[in-house]
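Take a look at the letters that make up each chain.
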Amino acid sequence: MSKVKTLGQFIIEKQADFPYSKGELSRLLRDIGIAAKIVNREVNKAGLVDILGETGDKNVQGENVKKLDVFANEQFIAALSSGGECCAVASEENEDIIIVDNAVSQNAKYVVAIDPLDGSSNIDVNVSVGTIFSIYRRISLSGPGTMEDFLQQGTEQVAAGYITYGSSTMLVYTTGKGVNGFTLDPSIGEFCLSHPEMKIPKNGKTYSINEGYYIHFPDGVKKFIKYCQEEDSKSNRPYSSRYIGSAVADIHRNLINGGIFIYPTTSQSPKGKLRLLYECNPFAFIAEQAGGKASDGFKRILEIQPKSLHQRTPFFIGSAEMVEKAEDFMTKYSTVEVK
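What you see is a predicted model, and the numbers here were worked out from it, not measured in a lab.

Draft legend 1. Examining the overall build of the chain more closely. When you go through the chain residue by residue, the secondary structure sums to eight helices and 17 strands. For 339 residues, the compact-globule formula gives about 20 Å, and the C-alpha radius of gyration of the chain, at 19 Å, lands near that figure. When the backbone C-alpha atoms are referred to their principal axes, the chain occupies close to 60 × 50 × 45 Å. Burial status across the chain gives 55% buried among its 339 residues. Restricting the contact set of the chain to residue pairs at least 6 apart, pairs at least 24 apart contribute 64%. When the accessible surface of the chain is summed, it comes to about 14900 Å², and 50% of that surface belongs to carbon and sulfur atoms. Once the 37 positive and 41 negative side-chain charges of the chain are each reduced to a mean point, those two points are 5 Å apart.

Draft legend 2. Region of interest: the pairing of strand S17 (residues 315-318). Every second residue of S17 is oriented toward a common face, with Phe315 and Ile317 on one face and Phe316 and Gly318 on the other, all of them buried. Where strand S13 (residues 260-263) and S17 come together, four bridges link them in antiparallel fashion. Within S17, the residue paired with Ile260 across the bridge is Gly318.

Draft legend 3. Focus on the nonpolar core. Within the largest apolar cluster, 39 residues are counted, with the highest numbers of intra-cluster contacts made by Ile135, Tyr165 and Tyr173. Looking at which element gives the most residues to this core, the answer is helix H2 (residues 24-44), with eight residues. Listed in part, the 29 residues of the second largest apolar core include Val172, Leu255, Tyr263 and Leu274.

Draft legend 4. Representation of the pattern of salt bridges in the model. On inspection of all chains with the given rule, the structure shows 15 salt bridges. With its nearest N and O atoms 3.3 Å apart, the salt bridge here joins Glu279 to Arg275. Its relative accessible area of 2% is what places Glu279 among the buried residues. By relative accessible area, which is 3% here, Arg275 ends up buried. Overlapping salt bridges, with partners in common, bring together Glu92, Arg275 and Glu279 in one network.

Draft legend 5. The packing of aromatic side chains, seen in detail. For the structure shown, the criterion picks out ten aromatic pairs. Between the aromatic rings of Phe10 and Tyr173, the centroid separation amounts to 6.4 Å while the plane-to-plane angle is 90 degrees, which identifies the pairing as edge-to-face. Of this pair, Phe10 sits in helix H1 (residues 7-13) while Tyr173 is found in strand S8 (residues 169-174), placing the two residues 163 residues apart along the sequence. Comparing Phe10 with Tyr173, the two get one shared label, buried. Every member of this aromatic cluster is reached through a ring pair, and the members are Phe224, Tyr227, Tyr239, Phe329 and Tyr333. The ring of Tyr333 carries the charged tip of Lys223 above its face, separated from the ring centre by 5.1 Å.

Draft legend 6. Summary view of the side chain of Asp250. With respect to the helices and strands, Asp250 occurs in helix H6 (residues 247-257). If near-sequence neighbours (up to four positions away) are discounted, Asp250 is found in contact with Ser208, Arg242, Tyr243, Ile244, Gly245 and Phe261.

Draft legend 7. Local environment of the state of the cysteines. Considering all chains together, one arrives at zero disulfides under this definition. Free cysteine: Cys86, not disulfide-bonded; nearest cysteine sulfur from Cys87 at 6.2 Å. There is no disulfide at Cys228, and the cysteine sulfur nearest it, in Cys280, is 19 Å away. Judged by relative accessible area, which is 0%, Cys228 ranks as buried.

Draft legend 8. Inspection of the pairing of strand S6 (residues 129-137) at higher detail. Judged by how many residues are buried, S6 sits mostly within the fold: eight of nine residues are covered. Alignment of strand S5 (residues 110-118) against S6, held across seven bridges, turns out to be antiparallel. Pairing of Ile114 across the sheet is with Phe133, part of S6. The pairing of S6 with strand S7 (residues 157-165) spans eight bridges and is classified as antiparallel. By the bridge assignment for S7, Ser134 is matched with Ala160.

About the cut-offs
Residues numbered from 1 in each chain as written. Predicted model: local features only at pLDDT ≥ 70, side-chain atom pairs only at ≥ 80, totals over all residues. Heavy atoms only, no water. Helix = DSSP H or I, 4+ residues; strand = E, 2+ residues; numbered from the N terminus. Rg over C-alpha atoms; globule rule 2.2 N^0.38 Å. Buried < 20%, exposed > 50% of the residue type's maximum accessible area, 1.4 Å probe, protein only. Contact = heavy atoms within 4.5 Å. Areas by Shrake-Rupley, 256 points an atom, 1.4 Å probe, with all protein chains shown as cover. Lys, Arg positive; Asp, Glu negative; His and termini not counted. Charge placed at Lys NZ, Arg CZ, Asp CG, Glu CD. Pairing = 2+ DSSP bridges. Core = buried A, V, L, I, M, F, W, Y, C linked by side-chain atoms within 4.5 Å. Salt bridge = Lys/Arg side-chain N within 4 Å of Asp/Glu carboxyl O. Phe/Tyr/Trp six-rings, centres within 6.5 Å; stacked < 30°, edge-to-face > 60°. Lys NZ or Arg CZ within 6 Å of the ring centre and 35° of its normal. Disulfide = S-S within 2.5 Å.

In structure tokens form, the structure reads like this:
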């Protein structure tokens with residue numbers, strides 16, 4: 001019988017990959033894992049307690065705030081604030097960065113961008129939701145974290161990951177040395193290594209997109225969807241359409257089985273819908289480390305220079321050959337590149 005390796009053990013073993021770090025990144029990742037377990041507990045019992053439904057408020061994105069959104073946001077900010085390894089946090093739920101205001105964290109080396117509960121519109125109907133996080137080394141040398149620390153290209157991430165709360169709860173992360181997945185064993189309360197060295201297939205048979213917005217898509221996306229639906233035995237088409245409506249769940253499935261996830265521009269969202277800093281960059285880092293690709297339809301996501309905290313971008317991510325094919329259609333039929 002093989003020995004079970006926990007997330008904590010795995011992180012400690014891999015600490016040597018970061019000679020400049022004295023254990024802060026390892027502790028930061030463990031802090032995120034602990035908060036994820038607390039959020040998982042509440043997600044699993046959401047139907048039994050008064051944590052379903054909306055608060056009546058709207059977040060900075062103008063979206064209705066769910067009660068569990070607020071809970072998840074509070075838990076992750078509390079965990080990141082108390083650990084002492086993070087000097088500032090950027091959350092989808094907050095308009096400005098959150099300065100970690102204590103003596104220990106003032107000179108911490110890292111900042112964290114986080115979407116505490118992605119896909120929260122699915123909470124009330126018991127569909128998978130998730131958490132997405134991204135970690136950067138700060139640019140400012142000391143004192144409180146600054147906006148400059150967050151407005152770095154995705155290539156500068158030192159770690160990124162997501163947690164999916166589904167039939168099982170998984171934490172998947174990378175520190176630039178490949179991608180590893182850990183499944184929460186509720187009997188011992190630990191994340192255990194279940195998916196070592198994850199690799200996304202170069203091609204897949206699934207495309208994930210909200211086709212309800214088809215009429216509003218760029219021509220390149222419309223042409224690519226038609227390509228996916230055509231019969232062609234050489235390329236195993238037609239592909240299957242699979243869209244959960246929770247980016248973490250859709251991208252997680254494609255990471256394991258192969259496929260492409262697309263959230264393009266539309267006439268209502270001319271700059272795209274997903275946020276660059278705490279959704280697209282961490283997913284892109286994971287995809288590339290697993291052998292996949294992530295693009296805005298024209299260029300690499302990780303090379304986009306962020307200009308604002310809640311900047312949006314179109315997003316194409318998944319199996320390398322499928323993303324490249326989608327880019328070909330965008331280049332040929334959608335000549336206007338999103339700035």
